[in-house]
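Inside the fold
Residue strings, one per chain:
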Amino acid sequence: VLHPRSAKLLRALVLSPMLLVAQSQAFQFTSRRWLNLQEYQSKKLMSDYGVRVQRFFVADSANEALQADKRLNAKEIVLKAQILAGGRGKGVFNSGLKGGLAEQMIGYNLATKQTPKGGVKVNKVIVAEALDIARETYLAILMDRSCNGPMLVGSPQGGVDIEELVASNPELIFKEQIGIFEGIKDSQAQRMAENLGFLGPLKNQAADQIKKLYNVFLKVDPSQVEVNPFSETPEGQVVCFDAKINFDDNAEFPQKNIFAMDNKSENEPIENEAARYDLKHIGLDGNIACFVNGAGLAMATCDIIFLNGGKPANFLDLGGSVKEAQVYQAFKLLTADPKVEAILLSIFGGIVNCAIIANGITKACRELELKVPMMVRLEGTNVQEAQSILSSSGLPITSTIDLEDAARKAVDNVSKK
Ligand code: GDP
Ligand code: MN
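The text that follows walks through the structure, step by step, so that each part is easy to find. None of these values were measured; they are calculated from a predicted model.

1. Re helix α3 (residues 39-48)
- Across the ten residues of α3, seven count as buried, placing the element largely inside the fold.
- All buried positions along α3 are accounted for by E39, Y40, Q41, S42, K43, L45 and M46.

2. Section: the coordination of the manganese ion (ligand 2)
- Looking at the manganese ion (ligand 2), the protein donor atoms are N228 (O) and D242 (OD), and they sit 2.2 to 2.3 Å from it. You can see N228 sitting in strand β11 (residues 224-232) and its partner D242 sitting in the loop between β12 (238-240) and β13 (244-247), a full 14 residues away along the chain. Of the two residues examined, N228 and D242, each falls in the buried class.

3. Describing the site of ligand 1
- Around ligand 1 sit 16 residues, and of these Q54, K80, R88, L131 and E136 come closest.
- N228 is positioned with one of its backbone polar atoms (N or O) 3.0 Å from an oxygen atom of ligand 1.
- With the chains in place, 78% of the 560 Å² that ligand 1 exposes on its own is no longer accessible.
- Contributions of two or more residues to the shell around ligand 1 are made by β3 (77-81) and β11.
- Counted by class, the shell around ligand 1 contains seven nonpolar, five polar and four charged residues.

4. Some remarks on the packing of helix α11 (residues 295-307) against helix α15 (residues 403-412)
- Packing of α11 against α15 leaves a shortest axis separation of 9 Å and a crossing angle of 55°. It follows that α11 is oblique to α15 by the angle criterion. Crossing of α11 over α15 shows right-handed handedness. The residues of α15 that touch α11, namely those facing T301, I304 and I305, are L403, E404, A407 and V411.
- Across the contact of α11 with α15, the residue classes tally to five nonpolar, one polar and one charged.

About the thresholds
- Residues numbered from 1 in each chain as written.
- Chains lettered and ligands numbered in written order.
- Predicted model: local features only at pLDDT ≥ 70, side-chain atom pairs only at ≥ 80, totals over all residues.
- Heavy atoms only, no water.
- Buried < 20%, exposed > 50% of the residue type's maximum accessible area, 1.4 Å probe, protein only.
- Helix = DSSP H or I, 4+ residues; strand = E, 2+ residues; numbered from the N terminus.
- Donors = N, O, S within 2.8 Å, 3.2 Å for Na, K, Ca; no water.
- Near = heavy atom within 4 Å.
- Polar contact = N/O pair within 3.5 Å; in protein donor to acceptor, adjacent residues only side chain to side chain.
- Areas by Shrake-Rupley, 256 points an atom, 1.4 Å probe, with all protein chains shown as cover.
- Nonpolar A, V, L, I, M, F, W, Y, C, P; charged D, E, K, R; others polar.
- Axes fitted to C-alpha atoms, helices over the stretch in contact; angles between N-to-C directions.
- Parallel < 35°, antiparallel > 145°, perpendicular 65-115°, else oblique.
- Left-handed = near helix turned anticlockwise from the far one by under 90°.
- Contact = heavy atoms within 4.5 Å.

Structure, rendered in structure tokens:
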């Protein structure tokens, strides 16, 4: 069986008679599709593998949530909004609510420090038995580039702000590198349990949960399993109170069932549309659209717009290999966005030559009747020829000398915000 990555690579090679090495590198940089599961989906997977989570059910209406008494028979109930963002503990609903009442949660937007300003609409809540928490720790298993394999990361100080802890108290972060062939050793699980501060019988229990979580990591091919808080209750149980499992698209082929759970309702429609053409679209607040190839160049382009006093409306990443159909779709998406007052195209034509890109651009702009001004910064092979194609096109395209020049001209062409 051909691995999907090789299949794609092969297809790329058949479609374009380019240098083999160049293409294989290009492929590595094409945009990836990520899958982030909702907490309830992650917890279901974890509990299938024997990891301890609270008893819960999922409700998509307030009425359904009211069945909690009957279905859970718990002393106390906790409602948790299901959105793909953390910080919910400190989030605010646009119904005014700060805690949990199903009728003021479902159908409203929840804003946390990880969501866009207006928040994200809540369609579902977890209805769970509330347990008391005696102590909160942090635990994650992720693929770590520096050791080319899985890494167990933990901290005795879990809860809401792990990112800040990493910066302020790095000595409170503990790591165990796991050999992908040997798997997690008892001694590693025990040492992590101890570092997390689990004492007495809790230590074995925590180590057991850690091993089970590693088993989940092994079985479902995620890029990350994160449990924050990984906690103990006053009754002496180790419980995973939160769960986040993320995947990259290499897992799609072996994990079809999991990827089938991906409902893209939380994505902006434009992002789904972009993903169909292997484009990555990130929406931002400003009015200058960035049309780039590669995430690094996207960041640099956004930065240079900011430095020149402008604000990016988005960035649309073509990935490493530029195809004509993609260029067309990319323009279609950008010109349909009413926020966009100018387009800054910043492409490095290292593999695909600039003249081909320039032809793709002029063709797409003619067909789509480009109305907003566009600054083009091309660099790489055949750049002179590309510039003459653009300047003689009669389209509202300004060819620029470098990225700085392009950014300045783009900022000059939009209203100030
Ligand atoms: P996040 O803020 O979006 O990551 O949501 P979490 O699920 O991690 O919940 C945030 C915080 O709420 C946790 O760190 C806990 O302190 C608290 N919490 C969540 N579930 C429970 C529960 O069942 N009982 C208690 N006592 N606290 C909870
Ligand atoms: Mn959490």
